[in-house]
Amino acid sequence: MSLVLHDLYLCCCQLDNDKTTERKKEVDKFKRLIRNPEVIEQLDRNSESKHPKQLNWDAVFRFLQRYIQKETECLQAANPNVSATTQANRQKKMQEIGSIMKCFIRWANKRGPRLKCQDLLKHIMDTLQNKFSCAAYGTDYSSILLKDILSIRKYWCEISQKRWSDLMNLYFKMFLKPSNDTNRVLVARIIHTLVRGCCFQSEGLTSGLFEFFAKAVQNARQEQVFAVIEHIISALNVFLNVSVMNCRIRVCKLGEEIFPTLLRIWTQKRPQDSLKEEIIEFFRLQLRAHHPKGAKVPEKGAFAADWLKWQNLLYGLYETIVSEVGHIGSRGKYSGGMRHVAVKDNLVDLAADICHQLFDQDTRVFVSSVTDVDSPQSPSHQGTPSKRRRVELGWEVVRDGLQKSQSDFDMIPWLQITTVLVAKYPSSVPRNELLLILTTLHQILSQQRRGQKMPYVLCCLREIAVCQRLKSNLNSAQKLDLQKLWAKIWAITLRSISSQQTEAESFRLLEAILQGNLTVPDKDFWKIFSSSTCQPSSSAVKCLSCALAKCTLPEKMDGVAEHYLITTGDRPQTVREAIMRWLLGYRAEEVVEENVELPSVICRDFPNQLVSQILVVLTLKDCRAGMDFFQSSSPESILAGENTAPEANDGTVFSESEHLFLQTTFDETLNYSNTVVSLQNKKSAASRISVKHTLKDKLEEYLLSLMECLHSAAMAPPECQVRCANLITGVLQCYSDIVVISEDDARASVLFQKAKSFILAAGEYISSAKNKLNDKLEGMKTMVTVCTKCLHSLTKPWAKRSSSVLFLQLISARFMNDLVQICKQLAANNGKSHDAGEVKDCIEDSFREAQGSGSGDFFDDNDKTFEVDDCSDSSDSLVVTGAKSILAEENLTKHNFLLLDILRFLCCCTAAGQMHVLSFRSDDIRRKLLMLIQDTDRSISKSLHLHMYLILLKELPSKECVLPADDISILVNPLLDLCSMYRCDQEVCSVILTHMLPLLAAQGIDSDEITDVQGKLLTTIGAFWHLSKEGKCNSQVRTALVRCMKALLEKDPYSKWTVLSIRGEELPVSEVYTEFLKDSHHQVRMLAAMSVNRLFQEVQVQDESIQLKALPVKLQQNAFENVYMKVQAGMRFQSSEEELQDEKCNRRATLLTVISLIMCCSPICEKQALFAICQSFKENKLNPTLVNKILETASNCLKYRNSESFMVSHLDYLIHQWLRMDDSSYNLSTFPYVLLNCANLEEFCRSHYKILVPHLMVNGNLEEVKSIAACIKRNWKELLADCLPKIMAYILPCFAYQDKNGSETNMAQQRENASKVFDMLKEDDCLGKQQIDHLSHNRLPEIVVELLNTLYDPPNQDSGEGTQVVKFSGAMDPAPNPPYFPSSVIKATLEYISSCHKEKFKPLVAVLSKNPDSIQKILLAISKKAANNSSTYEKHRILMMYRLFVNLLLKEIKDGLGGVWAFVLRDVIYSLIHHINSWPSHKDDVSTRSFSLCCDLLNVTCKTAVECCGDALESHLHVIVGTLIPLVHEQPEIRQQALELLKYLVITNQGNENLCIAIRRLDSFPDLPDFRELRLTQEKIKYSKGKFTLLEEINHFLSVSSCDSLPLTRLVGLKDLKQQLKLHKEDIKNLLKACQVMQVCL
């Protein structure tokens, strides 16, 4: 031990000396030594080494605790009855003791946290829990807690959940039961900070917080210090914002309880603005919780614990807001500046929400007590009067607010409220109010075209225009009146564009009017874009693009050419040229001045590519088609997952919690999409666009002039050069997109070369800036920002899209290398002061990373976590609300921001460089960027370097290109250390996981070559999963973890490599993912539930489409069992009585969401999922309304008519499973028949007894059948007779299968059960054998149909039909309703039925032929069943039934089928043709097999008809051929089938006497290689008697019977006739003469 430490040690040992004088002397010595730099350095070194026998800061802290304890005991033991002087001395002594502790902690932690957090907190807790010491040092220790512990991020993250709870309970008690000397402001501040820490760092303290805030806010009525109330309400808002997703009902109940108190504080206590802001935020939060997205009634997702009370509270709040708005207007409190805002946005938003809730109710007036909602500003209400007053409601209030005064102060608040109200809730504006409001706004607009209110009027009108566009129920008279008003408003708005104050809002209004087609733009509108009225701006250009897309551009207009002749010395020929000149700021050469101002197009920021698109569109023949083409989604944008929908209107963004509430109540439609997304093919559209080359040349001239102007400018800013280059490449790229020029031609053009010179000039600026960064900081930041914007689309950054390629090809290697060099400079200089006024990083060397954490073991809590820069000021004047995050922007300097901006730009460029040839090597740039993060041992704890790493982690990976394995390895290497270091910081953890998503989705991440990278990623995710299981991750981190696991599931749906190894246990991600379905937080559960389809489907991106492909059956079934087990486990939760209502509601929503998604995405598990809903309805007591919403949504997704038809289609399976349950409570009376829209059991039985009775009989439950008959008041034997065909279809296959396969034993039990059922039916007291025989004979067609309906050939099962059945069966075909049997059993059963007939040796078809109607009934029943079914799988199965029965008919057709053979042929042919023609254009696996089955059956039918039925096919040949010709362009298998049948009919049977005539009358086959032989054969037959004259050709064409559903064959014939007309022009003249002669004769 060194000498100085030895002195300190001896001093510390004497601090608890029994003698007061000795202690005082040692304390003074202690104060001196602890400030000694040598002592401090040695203590720091010892603290870092963690040597147990060396004196360090923690040891000194323990000595100091003993000293304070000794002094406290002495003070406590002193005589209380002493003089005032002695009391004052004691008080001074207490202050000195507290001061010593405060100073020691600050000296110890000045260079970074040295003392242990838990020791500090334990000492503070022990001190404050003691009544005497709390009174003595409470204020000092509270100050230490607030400013020296809770303000340090390391301590903030080390506090355990229990410690948070203990601290809050302690300070809650101090706040609710304060002593006389309690500093309530300080206590409130600490409570605010503790609530923030508890909410963001831990979970599970909800109940205590609800109880505290209920009491604290009620006590706030008596609080006189606004700062105390403000901190408590701010803490309340923090808590409610975090907990509302999980505890919506409790939040609403608490809100309804404390709402009146806060309203009274607002209205009666004259709170300061900051407190008022917090109260308003509370009200807004309550409205979001009670009325998500403006829902008004429970049926639409609204909630209130007491609706009557809540409604009265809303009335009170409405009156307060109206009064507040009025007083704000009367005071005229406006901020300075050009545009004054009368009411803050949060109050406007609250007012709009309240108005939405109350305006469209029947109540127009309510009576308010002045006592309840008193207005402090009004002198007449100073007491507590009992006077009551009427308060008006409705849109009349809004109109009165707009009309009552011409003062801006009175009008602007109501304009703001109206704007937000209409924007957020356009559907709430009544039709009759639309005209009235528009009239009012028009009057305001026409009366005053200047002033502060004008921008607000224009904004309000814009929202009204959008609202009207959404109204589809306006009558013609209303539309006409509105159109007249809009025409007037349009004219006024055009004039207001000339004002700089209203220009932007005016253009936005014009754009909205154009979007809604509310009026027709006049010529004056186009003159705006060809005159000096205004300069091009972002709003003007957007308006112009909308006009070009919606309206026809006039070619010429009076006044335009003359204007340009005066202003530019040149005369444009057309309006198009004038607009081009306006956009580009073109001036004729002879009037160019030396110091001319640069055009706006290169000085301002515009939406990327929009100006280029407009310029190119102006050179096209059809401007509207051009704008449609450029603004439509590209294949790349769809693949990138871009949302091409227009942006939501301002003010219509709803919170994430509101979406969750409506998902929980199923009032917001879930994404059940199970379809294929086809990528748009823009090439065909581009081929239809033509360009006017004269205008194209003019555009090039104007662009060259623009570049010359920029070249001649004395000091052209580099960002202007970049914008100009981007404009040029944008134009060239647009021409390339519409195939006017190739990309090679674009790169070789003069424009491109000049654009490259601008980028070179910008590169020179970068080179010069390397050594003068301080001087050129702002210029560099602006230029880098502009460069990055050039790589952005209109919707999101997407540097890899083709529209950015040409711009990237301008950039040189030097340009990129210089930027990389600047990055290195800025990263190396981090921590050095660039600007005295900027925030600095704290001392670098005082912070150490975790020792030995390279392995990335998160689990060992004994490891040191992280020690980050702490920039908190410890002065007493600082208002602290928690430790600042290392990710906070306040930690960064201007130089840091520049570095991060450059880094983002370089990442975008390197991503694009992987797919395109550029001037720089993207691999080299990427490696240089990765070198910035390779040395992480010293810099990972710094804010800047953490930001740098996160940017690289997010931006470098790509879905389109594979990163080299070495680069991915470098990128991932720091990840484990980073996560281990920050594992306790919940915010950083969630950000890291979120930034990992692009890497998890990157192409090539599943490669076998990077198993080490995969291992690190899986270790990271597995570690977070383990921490979450231990309760050490908050909901924000777990939400990010769910998203990561979802990305892994999409990348590896079969869990080949995505296996987590946790504590030696191997767990596939697919299994771990389902654990989140029983998470403690509702948002986490719902997020996992919303993506549960990833366990049943895989995403496949093909050339033409993005397809969701079903996973193998076994995986789906295992997934369903796992998911259902986990979600049911989540229903068995333990919670307090207060939490019960929320937990029930939330967990039921998770259950229903999961099951409904499975129903929609997995045909294999659809029936199981539906049964799970029925079972859960009974077991979990689900709300019928919610279940019906789910069923309605699912039925729409699966294309059923309604939820009832969906349920009925699966009712056989549901009843079968319900009756099989090994639980006596599962019977018909407990079945959830309400889901079938049945009010009671009688209605259920009456509607569906034909399904119920057969299942009951198969189970031998005759008594239940009798009870059904009694319930519906029918004879039970009649019911049995009605249901006999279905009962027989259930039991006959058991007899037939055993009879045909006597060696089989797997159906022995079924046969035994069937025998019992049949014996029961044969009994005399039941139906009896005679009646059964009679019914079986008379209802044989029904029995056959029901029997065919049980057909199902499972995949991979041997069948009597061999390859034919296998060919048309699919591995993913779901099983139908039970019972079901393979086709071999069905055939055996049909033979069995025929053998039971009196004519035993005749086949069944022969038996049916005795009554010809029987065959027709069976065919009709099967066809109707196919037509009424919406499931493609079920339709395919029905076609299999149809095929089986038709094949039986075709075998017997030679015997005449009882005289209906012709009908059967016609019915079969046209039914198959109908199925073929009605199939969707996109064909998945099942529809392709159905298609193939129809073609195959049509082939067999045609061949049978030719062989057995003579001329039967002659009259149908034209339709058959016309159907088959388009199929040749289908998939290869179908193509081959169609060609084979065509060749059989036309070529093979060309000698057939009957078919030869029909072949001759056919239209010609298409002149394509596939049809060459067919075409030659048909022409050979057609011209067998010699070539046709023109008249014969015409007559032949007209003689072919027309078929509207087959236009293609007629088109080919028409083309052939056109060719004949071209070849025989002389014959046409002769025919015309003959016609004229004939006409004269007539």
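Before reading on, note that the structure itself is shown above.
First, a word on scope: everything that follows refers to the structure included in this document.

Parameters at a glance
- Residues numbered from 1 in each chain as written.
- Predicted model: local features only at pLDDT ≥ 70, side-chain atom pairs only at ≥ 80, totals over all residues.
- Heavy atoms only, no water.
- Helix = DSSP H or I, 4+ residues; strand = E, 2+ residues; numbered from the N terminus.
- Buried < 20%, exposed > 50% of the residue type's maximum accessible area, 1.4 Å probe, protein only.
- Areas by Shrake-Rupley, 256 points an atom, 1.4 Å probe, with all protein chains shown as cover.
- Patch = residues over 30% accessible without salt bridge, like charges linked within 9 Å, V, L, I, M, F, W, Y side chains within 5 Å.
- Salt bridge = Lys/Arg side-chain N within 4 Å of Asp/Glu carboxyl O.
- Lys, Arg positive; Asp, Glu negative; His and termini not counted.
- Charge placed at Lys NZ, Arg CZ, Asp CG, Glu CD.
- Phe/Tyr/Trp six-rings, centres within 6.5 Å; stacked < 30°, edge-to-face > 60°.
- Expected span 1.5 Å × (residues − 1).
- Contact = heavy atoms within 4.5 Å.
- Polar contact = N/O pair within 3.5 Å; in protein donor to acceptor, adjacent residues only side chain to side chain.
- Core = buried A, V, L, I, M, F, W, Y, C linked by side-chain atoms within 4.5 Å.

Along its length, the protein chain carries 73 helices and seven strands. Within the span of the protein chain, comprising 1642 residues, buried residues form 55% of the whole. Surface summary for the protein chain: the accessible area is close to 70600 Å², and the carbon and sulfur share equals 49%.

On the surface, Lys1615, Lys1618, Lys1622 and Lys1625 cluster together to form a positively charged patch. With three residues, helix H72 (residues 1607-1623) is the largest single contributor of residues to the positive patch. Its place among the elements puts Lys1615 in helix H72.

What follows covers the packing of aromatic side chains. Each aromatic ring pair is summarised here by two numbers: the centre-to-centre distance and the angle between the ring planes. Enumeration over the complete set of coordinates arrives at 37 aromatic pairs. Centre to centre, the rings of Tyr425 and Phe654 are 6.3 Å apart; their planes meet at 50 degrees, and the pair counts as tilted. Of this pair, Tyr425 sits in the loop between helix H18 (408-424) and helix H19 (431-447) while Phe654 sits in the loop between helix H29 (635-639) and helix H30 (656-664), placing them 229 residues apart in sequence. In this structure, Tyr425 and Phe654 share a single accessibility class: buried. Joined through ring pairs, the aromatic side chains of Phe172, Phe175, Phe210, Phe212, Phe213 and Phe239 make up one cluster.

On to the pattern of salt bridges, then. Pairing between side chains of opposite charge can happen when the charged atoms of each approach one another. Scanning all chains against the criterion turns up 71 salt bridges. In this structure, the salt-bridge partner of Arg284 is Asp349, at a minimum N-O distance of 3.1 Å. With Arg284 in helix H14 (residues 273-290) and Asp349 in helix H16 (residues 345-359), the pair connects residues that are 65 residues apart, well separated along the chain. Here Arg284 and Asp349 have matching classes, each one buried. Measuring nitrogen to oxygen at the nearest pair gives 3.0 Å for the salt bridge that ties Arg723 to Asp605. In this pair, Arg723 is assigned in helix H33 (residues 718-737) and Asp605 in the loop between helix H26 (575-584) and helix H27 (610-617), connecting sequence segments 118 residues apart. The class for Arg723 is buried, based on a relative accessible area of 12%. By relative accessible area, Asp605 is classed as partly exposed at 38%. Here the salt bridges do not stand alone but share partners, grouping Glu281, Arg284, Arg288, Asp349, Asp353 and Lys424 into one network.

Here we take up helix H73 (residues 1625-1641). For H73, spanning 17 residues, the distance from its first C-alpha to its last is 25 Å, which sits close to the expected 24 Å at 1.5 Å a residue. Little of H73 sits inside the fold, with zero of its 17 residues counted as buried.

Further remarks concern helix H51 (residues 1184-1197). Here H51 is 14 residues long and its end C-alpha atoms lie 20 Å apart, about the 20 Å a rise of 1.5 Å per residue gives. On its buried face, H51 sits against H30, helix H49 (1137-1161), helix H50 (1166-1179) and helix H52 (1203-1209). With a side-chain oxygen lying 2.9 Å from the backbone nitrogen of Thr1185, the N-terminal cap of H51 falls on Asn1183. Lys1199 occupies a position one or two residues after H51 and carries a positive phi of about 70 degrees.

If you look at the biggest cluster of nonpolar residues, it comprises 524 residues, and the most contacted ones within it are Leu8, Trp486, Phe525, Trp526, Phe815, Phe905 and Leu1280. Contact partners of Leu1280, with chain neighbours within four places excluded, come to Val1253, Met1257, Leu1262, Val1265, Ile1287, Leu1321, Cys1326 and Leu1327.

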